[in-house]
Amino acid sequence: MTETVRIRVETTFADIAADDWGRLSGASRADAQTPYNPFISHAFLSSLEESGCAVAETGWLGQHLLLEGDDGALLGALPAYLKNHSQGEYVFDHGWADAFERAGGRYYPKLQASIPFTPATGPRLLSRVGQPVVATQTALAEGLKELAKRHEVSSAHVTFAPQDEMPIFEAAGYLHRTDQQFHFINEGYGSHDDFLETLASRKRKALKKERRAALEHGIEIDWLTGKDLTESIWDQFFAFYMDTGSRKWGRPYLNREFYSLIGERMAEDILLVMARRDGRYVAGAINFIGSDTLFGRHWGCIEDHPFLHFEVCYHQAIDFAIARGLKRVEAGAQGEHKLARGYLPVTTHSAHYITHPGLRRAVADYLERERRDVEMMGEYLADHGPFRRGGGDNNETE
């Protein structure tokens with residue numbers, strides 16, 4: 001990078017031009033070289049802020065790093081927030097915070113470079129198409145460190161970063177953390193039946209039975225996207241989200257306005273899988289459609305039916321990915337139950353810059369052991385997946 005650059009911090013996406021942001025790699029479908037990730041789009045991030053979901057009042061104060069050239073052109077960016085809690089992140093550091101504060105330290109506020117409420121891997125160090133990637137990413141990683149020092153905070157965290165960004169962070173002195181999710185990998189299947197043929201026969205029969213049972217009692221499934229996403233549909237889905245979310249988390253993170261905004265701005269990037277019984281919707285799951293990945297987010301219901309959660313969230317997502325020719329389905333955080341349904345263990349990555357030397361040493365020691373545990377568990381689960389072995393059909397029960 002030969003020109004003079006500077007990093008500016010912006011607190012809101014309302015002051016960042018959508019067209020400029022859309023020129024960053026992966027932030028729009030216009031970039032044919034980098035897979036589009038809907039969560040780093042201006043539409044998604046600005047909707048979180050404008051709806052009041054990710055704002056200072058909820059503990060998410062925007063601190064978005066913008067790398068600019070001499071002429072003010074946007075060359076790179078890193079979405080980030082100043083936070084006074086660790087909610088809505090899905091990479092848990094509550095133990096670090098408790099230990100540091102018991103020792104007399106002050107863990108909050110902290111810097112968090114992530115997509116709020118979204119445990120999905122995607123680019124974090126964004127560079128404009130045509131820019132030197134490594135130089136741009138390095139400047140942003142160093143910029144986040146400098147921002148942490150200026151704010152005098154305990155730490156800066158970059159969560160659900162892609163693996164290819166980790167060398168940049170590690171070279172800048174960040175600690176590497178791993179965790180595990182379960183993703184469906186589309187091996188070019190022509191249909192869901194083609195996928196089932198790769199499973200051990202007992203697993204295949206169990207999933208077919210499960211899918212039949214989920215649709216008993218007259219339940220039908222609809223895929224809604226684009227112009228299908230009316231305000232009436234959002235009203236119904238939001239009722240599902242609030243009912244399930246209130247019971248599961250206590251207070252759901254997203255509000256009704258958020259769904260109207262994303263429905264207005266990115267409807268073609270959204271898939272609602274809705275379950276209908278007796279002429280009304282009783283359950284649904286929201287997914288976001290990237291150029292090669294379907295991202296499952298959350299689901300809700302107002303009626304309980306056996307196996308309906310698995311059908312709406314996992315089986316239908318596989319059906320859609322195969323129909324669209326998408327390479328994978330990311331079905332959200334955690335959930336070893338996904339393994340039996342064809343979702344394989346995948347390692348996720350995050351980077352952590354700890355400013356206090358003592359806390360850094362303690363965290364580094366913990367992460368070294370945690371990485372080994374994650375690797376061992378991933379290998380174990382992969383060996384006990386539902387796929388048949390040796391290329392022939394069998395009656396494996398593992």
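That block above? That's the structure.
Here goes a summary of the coordinates provided. Note that the structure is predicted; figures quoted are calculated from it, not measured.

With that settled, the discussion passes to the sheet that holds strand β9 (residues 175-185). Across the sheet, eleven strands lie side by side as β2-β5-β6-β8-β15-β9-β14-β13-β12-β11-β10; this open sheet has mixed pairing. On the outer flanks of this sheet lie β2 (61-62) and β10 (220-224), each paired with one strand and no other. Pairing of strand β12 (residues 280-289) with strand β13 (residues 293-301) involves six bridges; the strand directions are antiparallel. Its bridge partner being in β13, I289 is matched across the sheet by L294. Each of β5 (81-83), β6 (110-113), β8 (155-161) and β15 (344-354) is contacted by helix α4 (residues 133-151), which is oriented at about 155 degrees to β6, the strand it contacts most. Where helix α10 (residues 308-324) meets the sheet, it contacts β9, β10, β11 (270-277), β12, β13 and β14 (328-333), and its direction lies at approximately 45 degrees from that of β12.

In this fold, H305 is placed in the loop between β13 and α10. In this structure, H305 is in contact with H217, I219 and R277, ignoring residues within four places of it in sequence.

So, on to the environment of H151. With respect to the helices and strands, the residue H151 is situated in helix α4. In this structure H151 comes out as partly exposed when scored by relative accessible area, which is 33%. Those residues in contact with H151 that lie beyond four places of it in its chain are Q63, L82 and L111.

Note that the residue after Y108, namely P109, is joined by a cis bond; omega there is 0 degrees. Residue position: P109 is located in the loop between α3 (94-102) and β6. For E152, which is not a glycine, the phi torsion comes out positive at approximately 55 degrees. Position of E152 relative to the elements: it lies in the loop between α4 and β8. What makes E152 exposed here is its relative accessible area of 68%. The backbone phi angle of F160 is positive, close to 55 degrees, even though this residue is not glycine. Mapped onto the secondary structure, F160 falls in strand β8. On the basis of relative accessible area, F160 is assigned to the buried category, the value being 4%.

Relative to the helices and strands, F310 resides in helix α10. F310 gets classed as buried once you look at its relative accessible area, which sits at 18%. Taking the C-alpha atoms as reference, F310 lies 8.5 Å from K338; in sequence the two are 28 residues apart. In contact with F310, not counting residues within four places along its chain, are E210, H315, H337 and R341.

What counts and how
- Residues numbered from 1 in each chain as written.
- Predicted model: local features only at pLDDT ≥ 70, side-chain atom pairs only at ≥ 80, totals over all residues.
- Heavy atoms only, no water.
- Pairing = 2+ DSSP bridges.
- Helix = DSSP H or I, 4+ residues; strand = E, 2+ residues; numbered from the N terminus.
- Contact = heavy atoms within 4.5 Å.
- Axes fitted to C-alpha atoms, helices over the stretch in contact; angles between N-to-C directions.
- Buried < 20%, exposed > 50% of the residue type's maximum accessible area, 1.4 Å probe, protein only.

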